[in-house]
Each structure stands twice: as C-alpha cells, then as structure tokens.
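Results of the structural survey
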Amino acid sequence: MSRIGKLPITVADKVKVSIAGGKASFDGPKGKLTVALHPEVKVELKDGALLVSRPSDAAKHRALHGLTRAILANAMKGVSTGWERALAIRGVGYRAEVKGKQIHLSLGFSHPVVFDLPEGVTAEVAKTPRTEEQLPTIDVTLRSADRQVLGETAVRIRNLRPPEPYKGKGIKLHDETVRRKEGKTGTA
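Residues numbered from 1 in each chain as written. Predicted model: local features only at pLDDT ≥ 70, side-chain atom pairs only at ≥ 80, totals over all residues. Heavy atoms only, no water.

1. Description of helix 2 (residues 147–158)
Between its first and last C-alpha atoms helix 2 spans 17 Å; for 12 residues at 1.5 Å apiece the expected length is 16 Å, and the two agree. Looking only at helix 2, the buried set comprises L150, T153, A154, I157 and R158. Summarising the axial view, the buried residues of helix 2 lie within an arc of 135°, below the 170-degree limit, and thus occupy one face. Here helix 2 starts with a cap whose side-chain oxygen sits 3.2 Å from the backbone nitrogen of Q148, and that cap is D146. (Helix = DSSP H or I, 4+ residues; strand = E, 2+ residues; numbered from the N terminus. Expected span 1.5 Å × (residues − 1). Buried < 20%, exposed > 50% of the residue type's maximum accessible area, 1.4 Å probe, protein only. Arc of directions from axis to C-beta. Polar contact = N/O pair within 3.5 Å; in protein donor to acceptor, adjacent residues only side chain to side chain.)

2. Description of the sheet that holds strand 13 (residues 170–173)
Within a beta sheet, neighbouring strands are joined by backbone hydrogen bonds and run either parallel or antiparallel to one another. With antiparallel pairing, four strands are arranged side by side in an open sheet as 11-12-7-13. Every other strand in the sheet has two partners, leaving strand 11 (122–128) and strand 13 as the edge strands with one partner each. Neighbour to neighbour, the strand axes of the sheet diverge by 25° on average, direction disregarded. Of the pairings in the sheet, the one linking strand 7 (residues 83–90) to strand 13 comprises four bridges and is antiparallel in character. (Pairing = 2+ DSSP bridges. Axes fitted to C-alpha atoms, helices over the stretch in contact; angles between N-to-C directions.)

3. Things to note about the layout of surface pockets
Reported here for the largest pocket is a volume of approximately 240 Å³. Secondary structure elements with two or more residues in the lining of the largest pocket: strand 4 (31–36), strand 7 and strand 12 (137–144). Considering each element in turn, the lining of the largest pocket owes the most residues, three residues, to strand 4. Here the lining of the largest pocket is composed, by residue class, of four nonpolar, six polar and six charged. Approximately 200 Å³ is the volume attributed to the second largest pocket. Along the walls of the second largest pocket sit L33, T34, V35, I71, N74, A75, W83, A145, D146, R147 and Q148, which together make up its complete lining. Elements that contribute at least two residues to the lining of the second largest pocket include exactly strand 4, helix 1 (59–80) and helix 2. Here the residues of the lining of the second largest pocket sort into six nonpolar, three polar and two charged. (1 Å grid on protein atoms, 1.4 Å probe; cavity = no way out; pocket = protein on both sides within 12 Å on 5 of 7 lines; lining within 4 Å. Points joined across faces, edges and corners; volume = space filled by probe spheres on them. Nonpolar A, V, L, I, M, F, W, Y, C, P; charged D, E, K, R; others polar.)

Here it is as structure tokens:
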C-alpha cells in the first residue's frame, strides 16, 4: 500500500466537496477547483474525509494512487488556505509594480516588461531595505488556490531575467540558492 495514497484527506471547514463524472470539485473560501480523476483510481467521500483506493498492486496503479491523493490534498489546501510563492528581484534599477492583473517590471532591458497574471493568481510587491554590501531587493509574493498554476507562473516570471552567478542580479525563487562565481582576477 502506498504510504501517501492510503492517508485520508480531511475535508476542511467551509469546504464543499463533490465527486461526480470522473471529477472532484472543491469549493472553499479561497476559490473553486476541479480535479480530473483517472478512471482506474477510486475516490470516495466518507465521514468527512476523502479516501483514494486502487484496483491492484501493479506499478501503474501504485503510482496513480499516491499521485491522485497528493493532487487532491493540494486542491483541498488551495481552496481552504491558499498557496503562496515568493520571488526576489535583485539589481540596481530593477523595479516591479502591480497594476490590476499585470506586473510591470523594469529589469535592465531597453523596454519595460509587462507580465499578465493568469486567472486566479494575485501578486503583491514589497521592497526590503538595502544594506551597504547588498543589491536592492524587491519581494514579489504570488498567491493562488491552484498550486500548479502558481508554480508555473512563478517560473515564467523567473525566466524573464534568471539570476546571474557573478553579482546575483536577476529574479530568483525565494527558496532558490544561486551558486556564486568568482570574477576575473588581474594578472600582475
């Protein structure tokens, strides 16, 4: 039995769950999500918890068992408390500003970059104070009920200006570590 797949998913307060037609629908305070279910995996709502079961111990069914349970648990957390992803923008003259459903970025290019946020994703910008040896840092926090869309959006924003290894300038995920390189050394 899968250690992850056999764990029940407790239905949070204020969240409504319905399973019908090969789909699981979640409706909570942070939004609505619908998850398509694989036809070979069985999901049932019993005593305020979602239970996922598989038809056999074949490798395919074992993999689907844990995967389905993890996706359903992510959807449950998303509609009840939401997901959050932070980005750090470092560099002199680099700026970010949220205008409606867009993020306007100044990333050292000859033109401003306008990034359209997908449906269900919100952004918030905060600037951290600068110390003498550090580059100015701008923190962008993305929030959404859908974990997959949130992660894809964070990576798309990061790819606009990935961090470079010499000074650390660029956009990086908050939990990402950039391996720094030593610059050229002068020969005497």
